[in-house]
Amino acid sequence: MIQYLTFLTRCFRLSFVGDWRYYLWMLFLSIVALLGLNAYCKQFVHGLATTGMTDQVSWGLYIANFTYLVGMAAAAVMLVIPVYIYRNRDLHNLVIFGELFAVAAIIMALLFVTVDLGRPERFHHLMLRFNFPISMLTWDVIVLNGYLLLNLHICGYLIYCAYCRRKPGKFFYYPFVFIAIAWAISIHTVTAFLYSGLGGRPFWNSAVIAPRFLASAFAAGPAFLILTLQVIRSTTDYTISDRALLTLRNIVTIAMTINMFLLGCEVFTEFYTDSAHVASAKYLFTGLGPHRGLVPWIWTAIGLNTVALLLLYLPVSRGLQFLNFACVMLIIGVWIEKGMGLIVPAFIPTPLGEIVEYIPTLNESLVSLGIWAFGLLVYTILVRVTVPVLFGRLSFDREYDPNALPEPLPH
Amino acid sequence: MSVRIWDGPSATLDDPQPPRMTRRSFLRGTTAAAGGLAALVAALNPLREFTQQDEFTLDQFLQKHYKEMTPEDMEKALARIRAEVEKRYGVRPHLRDVKPRAGVEFVYALNLSRCIGCRKCVYACVAENNQSRSPQIQYIRVIEMPRGTLDTEKGNHHYTHPKVPDINHFYMPVQCHQCANPPCVKVCPVEATWQEPDGITVIDYDWCIGCRYCEAACPYWARRFNFAQPDLAGDAINPDMSYLSNRPRPKGVMEKCHFCLHRTREGRLPACLEACPTGARKFGNVLDPNSEVAQILKTKRVFVLKEEVGTLPRFFYYFDERYPNSLDPEAVKIGQAIGCFPGSPAPEALA
Ligand code: SF4
Ligand code: SF4
């Protein structure tokens, strides 16, 4: 117990140690996070009127980001499956970064739901009267928190074992890894069901939402990891092979292909049928009369995604430059498509046919940026602490020693 | 080959000891911590604008869900709300918790042939139910519909003729349909909204967490959210109020039409019905076979909006014909022209 507390304090202290780039990055993130906090305080005082949301478009940027981040949390599972099921060696020592990212992503997702609430201080009502299993939102609360706990346990356990320089007991984390795989699928499925279960919103009321959700998540999550892993590689001496990155590239390529295919299926069904239900899709892709707010966005997203996918198909993206380029495009493309492109059109037109467009306010955007900054801050700290521990530079028998030679972990 | 981020600035290779706390680093750490704290305080500054809007009282925080309150709990809650209303608006409200009556199921029937789109119901509702005036919250939306469709997407929500009705349109008021299979109730994560035995779907404004999932789920766009603190002047307050209906709402919670349950459960009619100059609105207990609504459901060709979403509304629309088709002279003439007249078997084939 004492040892565990020392571990935590040492980690905490370690998170304040770094070179100027580290400080600069952390300072930047802290400032943005504080700006977000400031904006949220304004929202807390004046209500959600500080956002662009209305009775017509009652969910906006927050829920869009929430949706996207639930997807990103899947990145972990795309590393876990190859490693634990297919025994992929290249990815083996990278899994932990995926899991840590899942932790950060879920924290962000939960924050996004919280800031979306009109009465956040009544959060405990969830504990007192939980409309389970009828409300999909209660399912989401369970699966998201469960996934967070699972990943915290797995990462925490592995890192703590490394700190104690002892071999992790398989029994203590293997079962959880496999539960986490199924659980990761469930967080997407449940989040998709949140939308697709609403009969009054034809744009969402489609069975393809959940699979599309999974596919885009399995593309954007690993794409994000490809980028972060390179950052880790260049700022630490942790070995990350190009082979590992290329394995991830394959995963991204396949997932993105499926995503684009499903998108095509949806577009076909909507537009070929051309029933009264097409209005939202029309608003998204072509605009309804003078109302074209999302049209440039969605076409940007489709453009980015298509170019990214083509790049991924071509051998040039075996080179890291092109691969990174493709990943960046894809992350942005999916963010638009899965975020605003999925949430907002369902509200336009309203079920009574009124058309009111939605534009996020500055305050709302600041809150969102703040949450992102906070999430990245959490992730940076987690990684920052993890690497030395895995290397044995910080362990139970010695204070943090940056110059110690990396020691292999006991296997 | 690479730079290591954890190289503390004071760590050099000939210094085998891990960096220890020196006075310099201590000072630096303190300054940083102080700076961070100051920034945090600055970020939290807007909270100071928080005026105690009677919102965060401990009593309210500890208040139980409506269905779990004992009569004493309810009395306490009512007393608290009365005091709050009086303090805020200077009006002593007649606040109570009106319970549903046994053997009653309310339905609404709206005669589309009569409605002239004057929006009198809309404003009567706002006045009756203590809705926020700015931003104005309205429970009833009257849609101006072109002839030949019931698709509200083709309607106009914001018609502004100096005079209604416009001869080429008909008017379709929409409010909460008090569905018998309400998706809004299904989705609420905290059971802040539920269906009462008399068919009215209500909201406990002290329980709602403001997630707006119900607003997304409602196929009739019947729900309204308090995005800002409702703005309501004391002289606009209707002191006749009940817990589950028109007591003033705080910001950040959902509200909607509740069939004026503080009136209707006590035998009066909804405010919108009383305000309607044409008698297009009919309301009553459908379980009473002699009620007007029961008669209408039996004899008129009623329909519900968006039947396909399966919500089973308790709000019916109908077009009122002068005669049943079989007695309508026009219809009889047309029928005879194609070789059939009322009462005769349908022609076999008109091929
Ligand atoms: S009309 Fe909407 S708010 Fe009213 S009961 Fe039906 S689903 Fe709920
Ligand atoms: S907004 Fe309130 S009533 Fe509606 S689903 Fe959320 S908690 Fe329930």
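Residues numbered from 1 in each chain as written. Chains lettered and ligands numbered in written order. Predicted model: local features only at pLDDT ≥ 70, side-chain atom pairs only at ≥ 80, totals over all residues. Heavy atoms only, no water.

K.L.:
How should I be thinking about the interface of chain B and chain A in this particular structure?
P.N.:
Much of the literature gives interface size as the accessible area that the parts lose upon coming together. Listed per partner, the contact involves 73 residues of chain B and 70 residues of chain A. Both sides together, the interface formed by chain B and chain A hides about 6200 Å², and carbon and sulfur atoms give 58% of it. Applying the counting rule to chain B against chain A returns four salt bridges. For the salt bridge of E68(B) with R129(A), the shortest nitrogen-to-oxygen distance reads 2.7 Å. Put simply, chain B and chain A have 31 residue pairs in polar contact (both at pLDDT 80 or more) between them. (Contact = heavy atoms within 4.5 Å. Buried area = accessible area lost by both parts, 1.4 Å probe. Salt bridge = Lys/Arg side-chain N within 4 Å of Asp/Glu carboxyl O. Polar contact = N/O pair within 3.5 Å; in protein donor to acceptor, adjacent residues only side chain to side chain.)

K.L.:
Please clarify how the site of ligand 2 should be interpreted in this entry.
P.N.:
C188(B), P189(B), V190(B), T193(B), C208(B), I209(B), G210(B), C211(B), R212(B), C214(B) and M254(B) make up every residue found near ligand 2. When the residues that make up the shell around ligand 2 are grouped by side-chain class, the tally is eight nonpolar, two polar and one charged. (Near = heavy atom within 4 Å. Nonpolar A, V, L, I, M, F, W, Y, C, P; charged D, E, K, R; others polar.)

K.L.:
Would you mind showing me how to read the pairing of strand β4 (residues 169-174) of chain B here?
P.N.:
Every regular strand shows the same layout, with side chains that alternate between the two sheet faces. All names here are of chain B. The buried fraction of β4 amounts to five of the six residues, a majority that puts the element mostly inside the structure. Here six bridges tie strand β3 (residues 141-146) to β4, and the two strands are oriented antiparallel to one another. Each residue of the ladder has a partner; that of R141, found in β4, is V174. (Buried < 20%, exposed > 50% of the residue type's maximum accessible area, 1.4 Å probe, protein only. Helix = DSSP H or I, 4+ residues; strand = E, 2+ residues; numbered from the N terminus. Pairing = 2+ DSSP bridges.)

K.L.:
Help me understand the nonpolar core, please; the structure alone is not making it clear to me.
P.N.:
One recurring pattern in soluble globular proteins: nonpolar side chains tend to sit buried together. Counting 171 residues, the largest nonpolar core has F97(A), W204(A) and L330(A) as the members making the most contacts within it. Tallying contributions element by element places helix α7 (residues 136-163) of chain A first for this core, with 15 residues. Formed by 57 residues, the second largest nonpolar core is a distinct cluster that contains M69(B), C176(B), I200(B) and Y317(B). (Core = buried A, V, L, I, M, F, W, Y, C linked by side-chain atoms within 4.5 Å.)

K.L.:
I would appreciate a short explanation of the sheet that holds strand β11 (residues 302-303) of chain B in the present structure.
P.N.:
Residue and element names in this part refer to chain B. Strand order in the open sheet made by the four strands is β10-β2-β12-β11, with mixed pairing throughout. Pairing within the sheet leaves two strands with one partner each, and these edge strands are β10 (281-285) and β11. Inspection of the sheet shows strand β2 (residues 106-111) paired to β10 by five bridges, in the antiparallel sense. Looking across to β10, one finds that L110 is bridged to R281. The sheet strands contacting helix α9 (residues 292-299) are β2, β10, β11 and β12 (315-318), and the helix crosses β10 at an angle near 110°. (Axes fitted to C-alpha atoms, helices over the stretch in contact; angles between N-to-C directions.)

K.L.:
How should the packing of helix α12 (residues 295-313) of chain A against helix α13 (residues 320-343) of chain A be read in this particular structure?
P.N.:
Each pair of packed helices can be described by the angle between their axes along with the distance between the axes. Residue and element names in this part refer to chain A. It is at 8 Å that the axes of α12 and α13 come closest, and there the two elements cross at 150°. Accordingly, the angle class assigned to the pair α12 and α13 is roughly antiparallel. Here the hand of the crossing between α12 and α13 comes out left-handed. Within the contact between the two elements, α12 uses W297, I298, A301, L304, N305, V307, A308, L311 and L312 and α13 uses F322, L323, F325, A326, M329, L330, I332, G333, V334, I336 and E337. Here the contact of α12 with α13 is built from residues that sort into 17 nonpolar, two polar and one charged. (Parallel < 35°, antiparallel > 145°, perpendicular 65-115°, else oblique. Left-handed = near helix turned anticlockwise from the far one by under 90°.)

K.L.:
Could you clarify how one ought to interpret the site of ligand 1 in this entry?
P.N.:
Residues in contact with ligand 1 amount to 14 residues; listed here are only the nearest, C176(B), H177(B), C179(B), C184(B) and C218(B). Considering only residue class, the shell around ligand 1 consists of nine nonpolar, three polar and two charged.

K.L.:
Before we go on, may I ask you to explain the environment of Y174(A) in this structure?
P.N.:
As for its position among the elements, Y174(A) is in helix α8 (residues 170-196). Between the C-alpha atoms of Y174(A) and I332(A), which are 158 residues apart in sequence, the distance is 34 Å.

K.L.:
How should I be thinking about the packing of aromatic side chains in this particular structure?
P.N.:
In this description, a pair of aromatic rings is defined by centroid distance and the angle of the planes. If you walk through the whole model with that rule in mind, you get 46 aromatic pairs over all chains. Arranged with centres 6.0 Å apart and planes meeting at 45°, the rings of Y174(A) and F178(A) form a pair that is tilted. Here Y174(A) and its partner F178(A) are both found in helix α8, four residues apart, which amounts to about one turn of the helix. Overall, Y174(A) belongs to the buried group, its relative accessible area being 18%. On the numbers, 5.3 Å between centres and 90° between planes, the contact of F259(B) with F283(B) is edge-to-face. In this pair, F259(B) is assigned in the loop between β9 (254-255) and α7 (261-264) and F283(B) in strand β10, connecting sequence segments 24 residues apart. This pair shows no difference in class: F259(B) is buried, exactly as F283(B) is. Here the aromatic residues F106(B), Y108(B), F170(B), F259(B), F283(B), F303(B), F315(B), Y317(B) and F319(B) are joined through ring pairs into a cluster of three or more. Lying across the ring of Y22(A), R384(A) places its NZ or CZ 5.5 Å from the centre. Here R249(B) stacks its cationic end above the ring of Y205(B), 5.6 Å away from the centre of that ring. (Phe/Tyr/Trp six-rings, centres within 6.5 Å; stacked < 30°, edge-to-face > 60°. Lys NZ or Arg CZ within 6 Å of the ring centre and 35° of its normal.)

K.L.:
Help me understand the pattern of salt bridges in this model?
P.N.:
Pairing is possible between side chains that carry opposite charge, provided their charged atoms lie close to one another. As enumerated under the stated definition, the model contains 34 salt bridges over all chains in all. For the salt bridge of R21(A) with D19(A), the shortest nitrogen-to-oxygen distance reads 3.2 Å. A salt bridge links D204(B) to R247(B), with the nearest nitrogen and oxygen atoms 3.8 Å apart. With a gap of 43 residues between them, D204(B) in the loop between β6 (201-203) and α6 (213-217) and R247(B) in the loop between β8 (240-242) and β9 connect regions that are remote in the sequence. Taking relative accessible area as the criterion, D204(B) reaches 0% and is therefore assigned buried. Here the residues in one salt-bridge network are R80(B), E84(B), D204(B), D206(B) and R247(B), joined through shared partners.

K.L.:
Can you help me understand helix α4 (residues 75-85) of chain A in this one?
P.N.:
The periodicity of an α-helix, 3.6 residues per turn, causes residues three or four places apart in sequence to face the same way. Residues and elements named next belong to chain A. The element α4 is extensively covered by neighbouring structure, given that nine of its eleven residues are classed as buried. Taken as a whole, α4 has its buried residues at A75, A76, V77, M78, L79, V80, P82, V83 and Y84. Contacts from the buried residues of α4 go to α3 (61-72), α5 (95-116), α7, α8, α9 (209-235) and α10 (242-273). Positive backbone phi, approximately 55°, marks R87, located one or two places after α4.

K.L.:
Explain the confidence of the model for chain A here, please?
P.N.:
Predicted coordinates in areas of low pLDDT are best not read in detail. Per-residue confidence for chain A gives a mean pLDDT of 92, with 99% of residues at or over 70. The weakest mean pLDDT in chain A belongs to α4(A) at 85; the strongest belongs to α12(A) at 96. (pLDDT = per-residue confidence, 0-100.)

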